[in-house]
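Spelled out from the first residue to the last, the chains are:
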Amino acid sequence: ILRKKHRLVSDIEDAEIIIINTCAFLETAREESINTVLEINKLREKNLEKIVLTGCLPEKFVDDIFEEFTEVDVFLGINDYDLLFDALELAYLGQRVNFVKKNTVDIICNQIKESIKEQYKNNNISEAELKKVLELIKDTERLKSVLPLL
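For clarity, every value in this text was computed on a predicted model and none was experimentally measured. The written sequence of each chain sets the order in which its residues are numbered from 1. Predicted model: local features are reported for residues with pLDDT of at least 70 only, side-chain atom pairs are reported and counted for 80 or more only, and whole-chain, interface and lining totals are derived from all residues. Values shown for side chains rest on all heavy atoms present in the structure; no hydrogens or waters enter the calculation.

Caption draft 1: Representation of the overall build of the protein chain. Numbering goes from the N terminus for both helices and strands, where a helix is a DSSP run of H or I of at least four residues and a strand is a run of E of at least two. The helix and strand tally for the protein chain stands at 5 helices and 4 strands. Burial classes follow relative accessibility: with a 1.4 Å probe on protein chains only, a residue under 20% of its type's maximum area counts as buried, one over 50% as exposed, and anything between as partly exposed. In the protein chain, which comprises 150 residues, the share counted as buried stands at 30%. Across the protein chain, contacts joining residues at least 24 apart in sequence account for 51% of those joining residues at least 6 apart. Put simply, the protein chain shows about 10,300 Å² of open surface, and 52% of that area lies on carbon and sulfur atoms. Note on definitions: a residue-residue contact is assigned when non-hydrogen atoms from the two residues lie within 4.5 Å. The Shrake-Rupley method, run with a 1.4 Å probe, gives the accessible areas here. Residue values count only the displayed protein chains as cover.

Caption draft 2: Main features of the side chain of Glu59. Looking at the secondary structure, you find Glu59 in helix 2 (residues 56-65). Within the structure, the side chain of Glu59 is placed 2.8 Å from the backbone nitrogen of Ile78, a separation counted as a polar contact. When residues no more than four places from it in sequence are discounted, the contact partners of Glu59 are Gly77, Ile78, Asn79, Asp80, Val100 and Lys101. Polar contact is the term for a pair of N or O atoms within 3.5 Å; when the atoms are in protein, one must be able to donate a hydrogen and the other to accept it, and sequence-neighboring residues count only if both atoms are side-chain atoms.

Caption draft 3: Fine view of the sheet that holds strand 3 (residues 74-75). The sheet built from 4 strands is open, its strands ordered 1-2-3-4 with parallel pairing. Both outer strands of the open sheet, strand 1 (17-22) and strand 4 (97-98), are each paired with one neighbouring strand and no more. Two elements, strand 1 and strand 2 (residues 50-55), share 6 bridges in a ladder whose sense is parallel. Each residue of the ladder has a partner; that of Ile18, found in strand 2, is Ile51. Together, strand 1, strand 2, strand 3 and strand 4 form the strand contacts of helix 3 (residues 84-92), whose direction differs from that of strand 2 by roughly 145 degrees. Whether two strands pair comes down to DSSP finding at least two bridges between them. Think of each axis as a best-fit line through the C-alpha atoms, taken over the contacting stretch in the case of a helix, with angles from 0 to 180 degrees between the N-to-C directions.

Caption draft 4: Quick look at the pattern of salt bridges. Here, a salt bridge means any side-chain nitrogen of Lys or Arg that lies within 4 Å of a carboxyl oxygen of Asp or Glu. For the coordinates displayed, the defined rule picks out 4 salt bridges. The salt bridge involving Glu13 is made with Lys46; its shortest N-O contact spans 3.8 Å. Taken together, the residues span a long stretch of sequence, with Glu13 in the segment before strand 1 and Lys46 in the loop between helix 1 (27-41) and strand 2 at a distance of 33 residues. Overall, Glu13 belongs to the partly exposed group, its relative accessible area being 35%. For Arg44, the salt bridge goes to Asp73, with nearest N and O atoms at 2.7 Å. Remark: Asp73 occurs in the loop between helix 2 and strand 3 and Arg44 occurs in the loop between helix 1 and strand 2; sequence separation between them is 29 residues.

Next comes the structure, spelled out in structure tokens:
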């Protein structure tokens, strides 16, 4: 966080982004995590702009909580911390973000697809170039699906 030139604050009421790392091992831990989010959400009346939920709770239950738990802007699993800034960028564009168990390759491929399609739409690349890049992305996706079998 500091390497990205963000600052940490000592007073939670001064925070613009709050990252809540959760546990989901026990029911009481899940309840505590949910109550923490609900309590933290009240800080939106102050400086708070985004809530990030990380750790075991989203890792295990994101499919159950993503739609209903609208207080949270970004969901990250236990191995998704490297996606924090990409997720926040999307959140600041108005999206709620679920990057739980999302592979960086998936995200990059999707970003490339959208960028290439936009370039094609704006006549910045030819149809042949568009097809070539989309084929490369398909090859990458196929390779990724085979790698766990090796």
